[in-house]
There are 2 protein chains.
Amino acid sequence: MKLHTVLLDLGGVFYEGTRLLPGAQDALARLRASGLALRFVTNTTRQSRAALLLELARLGLDVATDELLTPASAARTVLLERGLRPLLLIHPGLAPDFAGIEVDQPNAVVVGDAGDHFSYAGLNQAFRLLQAGAPLLALGRNRYFKEADGLSLDAGPFVAALEYAAGVSAELLGKPAPALFAAALRPLACTPAQAVMIGDDVEADVNGALAAGLGGILVRTGKYRPGDEMRLATGGRLADDIGAAVDSLCLDQGTR
Amino acid sequence: MKLHTVLLDLGGVFYEGTRLLPGAQDALARLRASGLALRFVTNTTRQSRAALLLELARLGLDVATDELLTPASAARTVLLERGLRPLLLIHPGLAPDFAGIEVDQPNAVVVGDAGDHFSYAGLNQAFRLLQAGAPLLALGRNRYFKEADGLSLDAGPFVAALEYAAGVSAELLGKPAPALFAAALRPLACTPAQAVMIGDDVEADVNGALAAGLGGILVRTGKYRPGDEMRLATGGRLADDIGAAVDSLCLDQGTR
């Protein structure tokens, strides 16, 4: 099966913090030259797509708007397709991604990593909507993330709180939700077997992709920790960094 | 086995809101006359013991300070016994019950029904303590309670959020925790088989007591809803109200 599409995580694969990783720009240039379709799939939930695209440009990474997929963009698609009006429990930085979406008289709940913007009143309003039958859309269910002064609560605990309160299960829109991988490939008319995902998170990126029928390559950068490869699902591969991962694709596929 | 102690729920058994239930005072007078030991076991987590005792007095219900057991009083005992300094995520109305407890440099987390007083910063501080090994003490794990304008989130969802985030299990101090029933009987030198619990909550009051080896009587007042008796565990009994429940005790025991 000839490779058609490469899905790529961003943070921890191409850069860490505000610093490009060695060989990142060269790896991207080689992917571009190969003619393969590219999609950048991130779980970021505190930054709008526009803000993230600006940051990528500043880093010298050439990513087009329609190549960038985030949980918020997946949520936007779901809301529009199903005519849902969301109560948004999200970080203000993410608000631009929901611009123009009808939010009066909400009949759905979207939960992201709202951080300090979570409140009892907001969670209670969400709970009452869920009790009335509104679907719960989760931009992520990560337990925590790393801040300068320590670990902090991510979206997952608040999703868990609402699930417990209302006796419902959230629809997960971020990685490793199989629907996210399927949604990335559908517009490209690419089957899962013709695609591979490259990322630094063994569960969300690589095992998620493998479960959805794609190939998966774990890079030893970003959040990778020695031993993560022991948790790789069957068929998952390992590469030192994005450059080595791209090398392995080209060798496999003979596209160079 | 002769009956020694009667455990009694308060709200929904003796009164609803601010109104005494029919026969409540007479039932209490007959219990007093029987010479049985009495303990009042409530899951209230927005009102201090002192405030609750005042309210009971106003209703004409004669309850002594040391007869009243609440999750906060159980937490206070646990904190003092184990030398723990709690971070308190509780309703301000409950603060008097923790007066004098050392809270600097906390090494434990107590979660109650803090309502509007829950904040991301407070939950995050709790999470970091749990990550560092602090125990999580839950005053309750009820999903929601009824307010004038609808159902509202109780302590349970926030306990669930912290359990999910830190990968820990809370120690439950409210009903139906077996430890609560045991703690109520221990100072009375009463075995579980010599005690019975009367309440309007089939799970928290009656099945909880039965699981701890006590007898249990469900009254058809307060939060009782037709059909609740179908969920009664083996050995659980049913009575129309607190008067009928007391009647059944006296008939059983011949103490009148």
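Here, the structure is the one placed above.
It should be emphasised that the depicted structure is a prediction, and the values quoted were computed from it without experimental measurement.

A. Looking closely at the pattern of salt bridges. Summed over the entire model, instances satisfying the criterion amount to 30 salt bridges over all chains. Among the salt bridges present, the one from Arg46(B) reaches Asp113(B), with a minimum N-O distance of 2.7 Å. Residue Arg46(B) is found in the loop between strand E4 (37-41) and helix H2 (49-58), and its partner Asp113(B) is found in the loop between strand E7 (108-111) and helix H4 (120-131); the two are separated by 67 residues along the sequence. Where Arg141(B) meets Glu163(B), a salt bridge forms, and the shortest distance between an N and an O atom there is 3.0 Å. With Arg141(B) in the loop between strand E8 (136-138) and strand E9 (144-147) and Glu163(B) in helix H5 (residues 155-166), the pair connects residues that are 22 residues apart, well separated along the chain. On the accessibility criterion, Arg141(B) (27% relative accessible area) is partly exposed. Residues joined in a network through salt bridges with shared partners are Asp9(A), Lys175(A) and Asp205(A).

B. Summary view of the side chain of Asp97(A). All names here are of chain A. With respect to the helices, strands and loops of the structure, Asp97 is situated in the loop between strand E6 (86-89) and strand E7 (108-111). With no salt bridge to any partner, buried Asp97 finds its closest opposite charge in Arg49, at an N-O distance of 5.6 Å. Within the local environment of Asp97, its side chain forms a polar contact with the backbone nitrogen of Arg49, the two atoms lying 3.1 Å apart. If we ignore the near neighbours within four places in the chain, the residues touching Asp97 are Gln47, Ser48, Arg49, Thr70, Ala72 and Arg76.

C. Region of the structure containing the interface of chain A and chain B. In this assembly, 29 residues from chain A lie in contact with 29 residues from chain B. Carbon and sulfur atoms supply 58% of the area that chain A and chain B bury against each other, a total of about 2500 Å² over both sides. Contact with chain B buries surface across chain A, with Tyr120(A), Leu153(A) and Tyr164(A) losing the most and accounting together for 33% of the total. One can count two salt bridges joining chain A with chain B. Close ionic contact of Asp149(B) with Arg128(A) constitutes a salt bridge, the shortest N to O distance being 3.1 Å. In this structure, the connection of chain A to chain B is made through 16 residue pairs in polar contact (both at pLDDT 80 or more). Elements that contribute at least two residues to the side of chain A that touches chain B include exactly helix H4 (120-131), strand E9 (144-147), strand E10 (150-153) and helix H5 (156-166) of chain A. Residue composition of the side of chain A that touches chain B, by class: 15 nonpolar, seven polar and seven charged.

D. Here's a closer look at the side chain of Arg39(B). All names here are of chain B. One can find Arg39 in strand E4. Look at Arg39: it is buried, it has no salt bridge, and the nearest opposite charge is Glu67 at 4.6 Å. Excluding anything up to four places from it in sequence, Arg39 contacts Val6, Leu7, Leu8, Asp66, Glu67, Leu69, Ala184 and Leu188.

E. Focus on empty space enclosed by the protein. Enumeration according to the criterion identifies one cavity of 30 Å³ or more in this entry. Taken as a whole, the largest cavity spans an internal volume of roughly 40 Å³. Residue lining of the largest cavity: Phe118(A), Ser119(A), Tyr120(A), Leu123(A), Phe158(A), Phe118(B), Ser119(B), Tyr120(B), Leu123(B) and Phe158(B), and that is the complete set. Those elements that place two or more of their residues in the lining of the largest cavity are H4 of chain A together with H4 of chain B. Here the lining of the largest cavity is built from residues that sort into eight nonpolar, two polar and no charged.

Rules behind the numbers
Residues numbered from 1 in each chain as written. Chains lettered and ligands numbered in written order. Predicted model: local features only at pLDDT ≥ 70, side-chain atom pairs only at ≥ 80, totals over all residues. Heavy atoms only, no water. Salt bridge = Lys/Arg side-chain N within 4 Å of Asp/Glu carboxyl O. Helix = DSSP H or I, 4+ residues; strand = E, 2+ residues; numbered from the N terminus. Buried < 20%, exposed > 50% of the residue type's maximum accessible area, 1.4 Å probe, protein only. Lys, Arg positive; Asp, Glu negative; His and termini not counted. Polar contact = N/O pair within 3.5 Å; in protein donor to acceptor, adjacent residues only side chain to side chain. Contact = heavy atoms within 4.5 Å. Buried area = accessible area lost by both parts, 1.4 Å probe. Nonpolar A, V, L, I, M, F, W, Y, C, P; charged D, E, K, R; others polar. 1 Å grid on protein atoms, 1.4 Å probe; cavity = no way out; pocket = protein on both sides within 12 Å on 5 of 7 lines; lining within 4 Å. Points joined across faces, edges and corners; volume = space filled by probe spheres on them.

That's the geometry; what it means functionally is another story.
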